[in-house]
Amino acid sequence: MLAVSMVLGACAPSVDLPARESRNQEQAVFNGTDAPNESQVFLLDVRSNTGNASICSAVLVSPRVLLTAAHCVDPAFLGAQSVTVRALNKPNVDNVMLSDTIVVLTIARHPMWVFTDMESDFDVAALLLTSAPMGVTPAPMASTFSNPVGSMVKVVGYGRLVENMPTTAGTRRSSLLTVTAETPLHFRYGDSMNGLCVGDSGGPSFLGNTVVGIHSRTPGSALCDEGIDIRVDAKRAFIDAFIAANDPARCTADGRCAAMCTTDADPDCTCVADGTCVGGCAQSDPDCAPCVMNGTCGAMCGVTDPDCCGVDGTCDAACGAADADCCATDGVCGVGCGASDSDCCATDGACGVGCGSSDGDCCATDGACDTACSGADLDCCRADGACVPRCGANDIDCCGTDGACDAACALADFDCRCSPIDGACGATCGASDPDCCQGDARCDLACGMTDPDCGGCVSDGRCVDGCSPADPDCCPADGQCNRECGELDRDCSPDWGSCTTSATCIRGDCVAGLCTSACGDDRVCIPTGQCVRDGSGNGHCVRKCSCSSVEGLSVVCLLLLALVRRRTGAR
């Protein structure tokens, strides 16, 4: 009997695992639901020669072949030189017997897999079992996975249900998740609440009942997060070669039609559209037609044959941009690839369609305007009745007299000129263009207060600094005396006017209820006043009287002088 503690103890990598495994640890479906009927999905119990252990998931794709992640069966991830692997497909690890497991006989990791690359898109391995599991039908594999973003895939694995609880691993669970991103070699799905966790690496993602991906990693360091799968369609050459060499179809009832057998020799073969071309059926088998999915790219089929346009390292010219191999950086511009192929945008004397300014050949002066280059192509900047804004003054169509100033032209555009009144305000002219500062009910900010429409020294409800007293809004009857306004401000008391405080006098001080001001050598009184000195020699303006000297002042003059002396404290 295989002890339960043995399997559960392998639910997480050993504490002696190298730190480099942190980005590519075994992952699992978390927040999923139990999937007892997904018998094609297996748990892998991986043991190293150093005593370290871990679990992963896998999927059966031929009677004796499992697919899993390469890092799951790489001894380097367990700090070892070799590993032994057993597989079982019970719904959980409760009461597991040794007879429930099948020994893995052969392990083949993808030849381009490197364990030091935590984001490798070659993280896939094929395993050969010593015997075929009874009663389990292998899952079909996708040859193409067109436009996966937005698709709902069923993600299956034996990993943890809760990130920090190792004991929640060991049960097969599944979850329907949406594909959110793709590249030709992998796709991404789920989020931080629904995705992969420790224990599910190597498990499958199904579209319908077809395997489209193998769980590889999460994008960050969290144990549970959205998942990244290796695309099965991108690895079919490696997988098919392993199956052909280790578990080929036989002319027996093994659930697969051997292409080289006749219908009588292989009971699994029928001359129907089942994805396999049966040699003995000749042309009565629609799968033998050249342009169908039969594992062979029919000559001249192009995009009509899905076997031609897959990511297999070979560009089928008839597929054009539909074959990602055609748009790779390989020194050849793939037909129809455009800017998606950097070889099309190289400076080679030919303008790559769609490359625009990224291809120096497109923006050369060759008599043809490449619209993607815009102003970078001088052939676009010609007198053709259309203004290319980025051309500026190089395009005469931009700088014509059309009533609109093209800023890129500057003064080359007559409409931008700061000329005398011509009916057009030069965009950068400001006050130097009278057309900008005239009263046209439009404020030109460059004119400032010289444009009355900008709320200068006009009655517009606001007092502009420096305008008073010309701005009537600065001199309103609001109870405040603005001395700059003088007698225009009705709140100000004129000379000789009655006052209560000095703040209400246009000039000078409020003396005994009358406004007066000081005078002397450099200050004179207004024409209606005269300067009189008090006993201290200080001069004060008083209203002119009929008398000509202080001794002969009239009663009014004496009254004013008395007020002055009282204010100054003179005797």
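As shown above, the structure is provided for reference.
I'd like to hear about the nonpolar core, residue by residue, with values.
Core analysis: the biggest nonpolar cluster contains 27 residues, and Val59 and Leu67 have the highest contact counts within it. Within the residue set of this core, elements represented by two or more residues are β2 (41-48), β3 (53-62), β4 (65-68), β7 (125-129), β12 (210-217) and α2 (236-246). Looking at this core, the element that brings in the most residues is α2, giving 4 residues. The contacts of Val59, once residues within four sequence positions are left out, are Gln40, Val41, Val65, Leu66, Leu67, Ala139, Gly202, Pro204, Phe206, Val211 and Ile214. Judged by nonpolar contacts, the second largest core, of 24 residues, contains Ala58, Val83, Ala87 and Val104.

Could you give me a rundown of the packing of aromatic side chains, with the residues and numbers involved?
The geometry of an aromatic ring pair comes down to the distance between the two centres and the angle between the two planes. In the structure shown here, the tally under the stated rule is 4 aromatic pairs. Both rings, one in Phe145 and one in Phe187, keep their centres 5.4 Å apart while their planes meet at 80°; by these two values the pair is edge-to-face. Taken together, the residues span a long stretch of sequence, with Phe145 in the loop between β7 and β8 (152-157) and Phe187 in strand β10 (residues 186-189) at a distance of 42 residues. Across the pair, exposure class does not vary: Phe145 and Phe187 are buried alike. One aromatic cluster in this structure is built from Phe77, Trp113 and Phe115.

Kindly report on the pattern of salt bridges, identifying the contributing residues and their values.
According to the stated counting rule, one finds 8 salt bridges in the structure shown. Notably, a salt bridge pairs Arg47 with Asp45, separated by 3.3 Å at the nearest N-O pair. By relative accessible area, which is 3% here, Asp45 ends up buried. Taken together, the shared-partner salt bridges connect Glu182, Arg231 and Asp233 into one network.

Account for the pairing of β2, with residues named and values stated.
Among the 8 residues of β2, 7 are classified as buried, and the element is accordingly described as predominantly covered. For β2 and β3, the ladder comprises 7 bridges, and the chain directions are antiparallel. Looking at β3, one finds that Phe42 is bridged to Ala58. Two successive antiparallel strands, β2 and β3, enclose a turn made up of 4 residues, where Gly51 displays a positive phi of approximately 95°.

So what about the pairing of β10? Which residues, and what values?
Where strand β9 (residues 173-182) meets β10, 3 bridges bridge the pair, whose relative direction is antiparallel. If you follow Val179 over to β10, its bridge partner there is Tyr189. The hairpin formed by β9 and β10 contains 3 residues between the paired strands. Alignment of β10 against strand β13 (residues 227-231), held across 4 bridges, turns out to be antiparallel. Residue Arg188 lies in a different strand from β13, and its bridge partner there is Ile228.

Can you explain the environment of Phe77? Please cite residues and give values.
Note that Phe77 resides in the loop between β4 and β5 (83-88). In this structure, the C-alpha to C-alpha distance between Phe77 and Phe115, residues 38 residues apart in sequence, is 7.4 Å.

Pulling in residues and values, what's your account of the state of the cysteines?
If you walk through the whole model with that rule in mind, you get 6 disulfides. Put simply, Cys505 and Cys515 are joined by a disulfide, and their sulfur atoms are 2.1 Å apart. Because the torsion about its S-S bond is -85°, the bridge between Cys505 and Cys515 counts as left-handed. Here Cys505, found in the loop between α3 (434-437) and β14 (509-511), pairs with Cys515, found in strand β15 (residues 514-516); they are 10 residues apart in sequence, far enough to count as distant. Classification of Cys505 by relative accessible area gives buried; the value is 0%.

Could you give an account of the sheet that holds strand β16 (residues 518-519), with specific residues and numbers?
The sheet built from 3 strands is open, its strands ordered β16-β18-β17 with antiparallel pairing. The sheet terminates laterally at β16 and β17 (529-533), the two strands that pair on one side only. Judged from the 5 bridges that link them, β17 and strand β18 (residues 539-543) form a sheet pairing that is antiparallel. Counted as the bridge partner of Gln530 is Val542 from β18.

Give a description of the environment of Val61 that names residues and reports values.
As for its placement among the helices and strands, Val61 is situated in strand β3. The spacing of Val61 and Ile243 is 182 residues in sequence and 9.0 Å in space, taken between C-alpha atoms. For Val61, the contacting residues outside a window of four places in its chain are Leu67, Pro138, Ala139, Met141 and Ile243.

Rules of the game
Residues numbered from 1 in each chain as written. Predicted model: local features only at pLDDT ≥ 70, side-chain atom pairs only at ≥ 80, totals over all residues. Heavy atoms only, no water. Core = buried A, V, L, I, M, F, W, Y, C linked by side-chain atoms within 4.5 Å. Buried < 20%, exposed > 50% of the residue type's maximum accessible area, 1.4 Å probe, protein only. Helix = DSSP H or I, 4+ residues; strand = E, 2+ residues; numbered from the N terminus. Contact = heavy atoms within 4.5 Å. Phe/Tyr/Trp six-rings, centres within 6.5 Å; stacked < 30°, edge-to-face > 60°. Salt bridge = Lys/Arg side-chain N within 4 Å of Asp/Glu carboxyl O. Pairing = 2+ DSSP bridges. Disulfide = S-S within 2.5 Å.

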